Amino acid sequence: MDHYDSPQTNDYMQPEEDWDRDMLLDPAWEKQQRKTFTAWCNSHLRKAGTQIDNIEEDFRDGLKLMLLLEVISGERLAKPERGKMRVHKISNVNKALDFIASKGVKLVSIGAEEIVDGNAKMTLGMIWTIILRFAIQDISVEETSAKEGLLLWCQRKTAPYKNVNIQNFHISWKDGLGFCALIHRHRPELIDYGKLRKDDPLTNLNTAFDVAEKYLDIPKMLDAEDIIGPLRPDEKAIMTYVSCYYHAFSGAQKAETAANRICKVLAVNQENEQLMEDYEKLASDLLEWIRRTIPWLENRAPENTMQAMQQKLEDFRDYRRLHKPPKVQEKCQLEINFNTLQTKLRLSNRPAFMPSEGKMVSDINNAWGGLEQAEKGYEEWLLNEIRRLERLDHLAEKFRQKASIHESWTDGKEVMLQQKDYETATLSEIKALLKKHEAFESDLAAHQDRVEQIAAIAQELNELDYYDSPSVNARCQKICDQWDNLGALTQKRREALERTEKLLETIDQLYLEYAKRAAPFNNWMEGAMEDLQDTFIVHTIEEIQGLTTAHEQFKATLPDADKERQAILGIHNEVSKIVQTYHVNMAGTNPYTTITPQEINGKWDNVRQLVPRRDQALMEEHTRQQQNERLRKQFGAQANVIGPWIQTKMEEIGRISIEMHGTLEDQLNHLRQYEKSIINYKPKIDQLEGDHQQIQEALIFDNKHTNYTMEHIRVGWEQLLTTIARTINEVENQILTRDAKGISQEQMNEFRASFNHFDRKKTGMMDSEDFRACLISMGYNMGEAEFARIMSIVDPNRLGVVTFQAFIDFMSRETADTDTADQVMASFKILAGDKNYITVDELRRELPPDQAEYCIARMAPYSGPDAVPGALDYMSFSTALYGESDL
């Protein structure tokens with residue numbers, strides 16, 4: 001869409017440069033527009049009894065232009081000037097242009113002087129603006145206007161015709177069928193459309209143009225050749241011609257608009273009826289769903305199992321998650337449809353919609369309220385039932401667990417209590433049986449609470465109406481009966497054991513004493529064997545010394561341990577002596593312990609064998625840790641010297657780089673000597689690397705003798721080498737800059753003094769604010785744009801800092817470039833003489849060959865009005881040497 005025919009703006013006139021571009025792109029368009037615009041103007045001027053022959057000449061005095069505007073607008077313009085002078089013509093044209101502007105048209109780059117001077121492009125642009133305002137702007141089709149409205153009108157009118165596809169106002173009209181279709185749509189008797197062929201555009205176009213001129217009073221504004229010939233016909237010419245069709249058929253358009261209005265009313269009625277039907281169906285479906293769902297929610301039949309109730313809960317969750325949300329949407333949509341329908345009926349002055357009985361929104365809301373009430377009650381019932389069943393399942397499971405534990409514990413207890421084993425038992429066996437029986441009695445008493453809990457749980461299950469209460473009661477009764485029997489048998493066995501106990505009391509006491517002393521001694525030996533065989537990992541000599549000290553303390557306890565062993569064995573020997581003396585039946589072993597004298601002796605021998613092995617292992621580890629400590633000290637001593645040395649050298653290099661002692665050559669020589677001394681230090685770094693390798697091979701991970709690691713030393717050494725090399729390079733670059741720019745040593749010292757003064761952070765670089773302050777102190781008066789330009793020179797990478805090298809490059813350039821450029825360009829003028837150019841031959845004659853060819857390769861040929869073949873002008877020479885920025 002052109003700038004001046006946009007429906008969103010009143011800027012109907014395209015800018016002058018766009019208009020010129022159109023003319024330059026396709027000069028044929030200017031020819032088409034002359035003819036079309038002239039015909040269009042004459043179609044209106046003939047109503048006033050006049051016409052134009054040359055569009056740019058006949059409007060120059062402004063008289064016919066004002067007349068044209070009066071005819072097409074129906075309004076009177078200001079009285080024109082009748083004089084023949086240029087000022088009178090300009091006044092008339094200005095009146096016409098002011099009238100156009102008063103209609104909301106913004107004229108861009110069109111002035112009265114261009115029209116008076118007969119500027120064809122401006123005149124065509126002005127006429128096109130008038131056509132847009134008075135012939136196209138007011139076109140309105142289905143809420144679109146102007147160009148889009150006209151295009152939509154064409155598309156609607158030609159839609160039923162085959163081989164017609166109107167998408168624009170240029171190539172869509174080349175075959176002529178679009179024009180014929182418009183005529184046939186409104187006046188089918190004028191054209192036999194069926195005989196037209198798409199492959200004969202010349203006949204189609206001439207037919208449409210002739211019929212339109214003869215029967216529709218539309219002048220022939222186009223030639224068929226002007227449309228067929230170019231790849232893209234002129235859009236403005238076609239739009240102007242097609243707009244005449246629109247206005248010619250406007251009466252038919254109004255009839256069509258009336259028909260469309262009736263169709264819209266009928267469509268609204270149909271839509272309202274459809275909304276009524278949809279409401280009735282949606283309301284019926286929703287009420288039926290509510291009717292079916294409420295009984296399900298009111299069902300309170302309990303389930304016997306938790307699984308069944310959980311299934312009901314899952315069904316209810318599915319209902320809340322899957323089934324109800326769509327119904328909520330339907331209910332909401334139902335209310336929206338009802339309100340929308342009532343609004344549409346009210347806007348259409350139709351009676352309000354009254355749903356069937358029982359299907360009002362209020363009826364649906366009441367039914368929905370009943371659903372939610374039932375849903376709330378059902379959810380509360382479900383949760384209460386689940387809690388009840390959870391309680392019952394918990395109690396039932398608790399009953400089963402406690403009953404199973406109790407039954408497992410009582411299994412075999414009655415048989416055990418009825419044994420007569422004490423009649424043939426030894427004293428130790430009797431003592432053990434008595435102790436065992438006492439433990440059983442204690443255990444029996446402890447189980448009394450469990451039996452009572454089992455009975456209480458069974459009673460609670462009965463009270464909560466547990467579905468399997470009969471089996472629970474039967475099992476509980478069996479447990480209680482068995483418990484009473486166990487109590488009687490326990491008392492009877494205790495009496496029998498106490499009678500036998502006194503007979504073997506002495507042996508029993510000896511066994512007991514043996515067990516009390518053998519157990520801790522056995523534990524001590526097992527712990528000692530475990531400690532003696534335990535592997536150890538140490539990293540320092542202090543750790544191994546601690547282990548050695550602990551081991552020596554352990555060895556000091558061995559004599560006391562041997563005495564305890566002999567005392568324990570003495571108790572066992574005394575029991576054996578009593579058995580032999582009194583012929584006591586000792587069929588069993590010590591009932592209080594399973595530790596035998598043989599086991600004690602065996603473990604003791606094992607401890608004595610492990611002690612020397614531990615001694616040997618500790619001694620070997622002590623030797624290894626001594627060697628590791630030696631390596632640590634050796635590395636630490638060297639690292640503590642090398643690390644500070646590297647730091648000191650880094651600081652000294654930093655001072656050298658910013659100090660101003662001597663010339664740059666003196667500083668360079670000093671730095672190179674400094675670099676040589678640093679490189680000569682490399683063997684000490686290599687030696688430290690060797691010590692570090694030994695430490696790594698020995699798996700030494702820490703070193704308390706130094707804070708430096710080998711990685712610190714390597715990084716520091718690399719930074720030192722990099723820093724000295726970079727500093728040497730900076731001084732070399734400063735020497736190159738000084739020599740190239742002719743800077744004296746005093747100037748270099750001044751630059752360095754200024755740089756050091758404003759390098760407030762003493763980093764060897766100035767930030768942007770420090771650099772700005774430095775420039776101001778040197779007399780630079782600059783704004784933000786100039787400072788940004790300077791920063792782009794000294795900080796091309798935009799790091800936000802300025803190095804000393806960049807600083808001196810900038811300062812030297814500021815002082816030297818202007819004089820050099822002026823001298824070179826003055827030399828060019830000497831070579832050129834009175835001419836403003838110099839020939840290639842002269843350039844090759846006056847300059848060395850390589851420099852002459854360099855200049856020639858970079859120069860643009862001289863193209864002024866006095867162009868000489870093979871010559872180069874002053875501007876090209878300057879551009880070649882200094883670039884665009886220095887011209």
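Residues numbered from 1 in each chain as written. Predicted model: local features only at pLDDT ≥ 70, side-chain atom pairs only at ≥ 80, totals over all residues. Heavy atoms only, no water.

Enquirer: Give a description of unusual backbone geometry that names residues and reports values.
Expert: Negative phi is the rule for most residues except glycine; trans is the rule for most peptide bonds. Unusually for a residue other than glycine, Asn-163 sits at a positive phi of about 65°. Following the sequence through the fold, Asn-163 ends up in the loop between α8 (146-158) and α9 (177-186). Here Asn-163 falls in the partly exposed class, since its relative accessible area comes to 45%. Its identity is not glycine, yet Arg-798 carries a phi of approximately 55°, on the positive side. Within the element layout of this structure, Arg-798 appears in the loop between α28 (784-794) and β4 (801-803). With relative accessibility at 77%, the residue Arg-798 sits in the exposed group. (Helix = DSSP H or I, 4+ residues; strand = E, 2+ residues; numbered from the N terminus. Buried < 20%, exposed > 50% of the residue type's maximum accessible area, 1.4 Å probe, protein only.)

Enquirer: Now, about helix α5 (residues 86-102): what can you tell me, with residues and values included?
Expert: Spanning 17 residues, α5 covers 24 Å between terminal C-alpha atoms, matching the ideal 24 Å at 1.5 Å per step. Those residues of α5 that are buried lie in contact with α4 (63-73), α6 (112-116) and α7 (120-136). (Expected span 1.5 Å × (residues − 1). Contact = heavy atoms within 4.5 Å.)

Enquirer: Would you mind going over the packing of α4 against α5 in detail, with residue names and values included?
Expert: Pairs of packed helices are described in terms of their axes, by the angle between the two and the distance that separates them. Viewed as axis vectors pointing N to C, α4 and α5 meet at an angle of 25°, and their least axial separation amounts to 8 Å. In this view, α4 runs roughly parallel relative to α5, as classed from their interaxial angle. Considering the relative orientation of α4 and α5, their crossing is left-handed. Residues Leu-63, Leu-65, Met-66, Leu-69 and Ser-73 of α4 pack against Asn-92, Lys-95, Ala-96, Phe-99 and Ile-100 of α5. Class assignment for the residues of the contact of α4 with α5 results in 7 nonpolar, 2 polar and 1 charged. (Axes fitted to C-alpha atoms, helices over the stretch in contact; angles between N-to-C directions. Parallel < 35°, antiparallel > 145°, perpendicular 65-115°, else oblique. Left-handed = near helix turned anticlockwise from the far one by under 90°. Nonpolar A, V, L, I, M, F, W, Y, C, P; charged D, E, K, R; others polar.)

Enquirer: Quick rundown of the side chain of Asp-770? Include the residues and the values.
Expert: With respect to the helices and strands, Asp-770 occurs in helix α27 (residues 768-777). With relative accessibility at 9%, the residue Asp-770 sits in the buried group. A polar contact is formed between the side chain of Asp-770 and the side chain of Arg-760, at a distance of 2.6 Å. In this view, Asp-770 contacts Phe-758 and Arg-760; residues no more than four positions away in its chain are not counted. (Polar contact = N/O pair within 3.5 Å; in protein donor to acceptor, adjacent residues only side chain to side chain.)

Enquirer: Pulling in residues and values, what's your account of the environment of Asp-508?
Expert: Relative to the assigned elements, Asp-508 resides in helix α19 (residues 505-533). According to the relative accessible area criterion, Asp-508 is buried, its value standing at 0%. In the structure, Asp-508 is positioned 82 residues away from Asn-590 in sequence and 8.6 Å away in space, judged by C-alpha atoms.

Enquirer: Give me α7: which residues, what numbers.
Expert: With 17 residues, α7 extends 22 Å between its outermost C-alpha atoms, agreeing within 8% with the 24 Å of an ideal straight helix rising 1.5 Å per residue. Among the 17 residues in α7, 16 count as buried, and that is most of the element. For α7, the N-terminal capping position is held by Asn-119, with its side-chain oxygen 3.1 Å away from the main-chain nitrogen of Lys-121.

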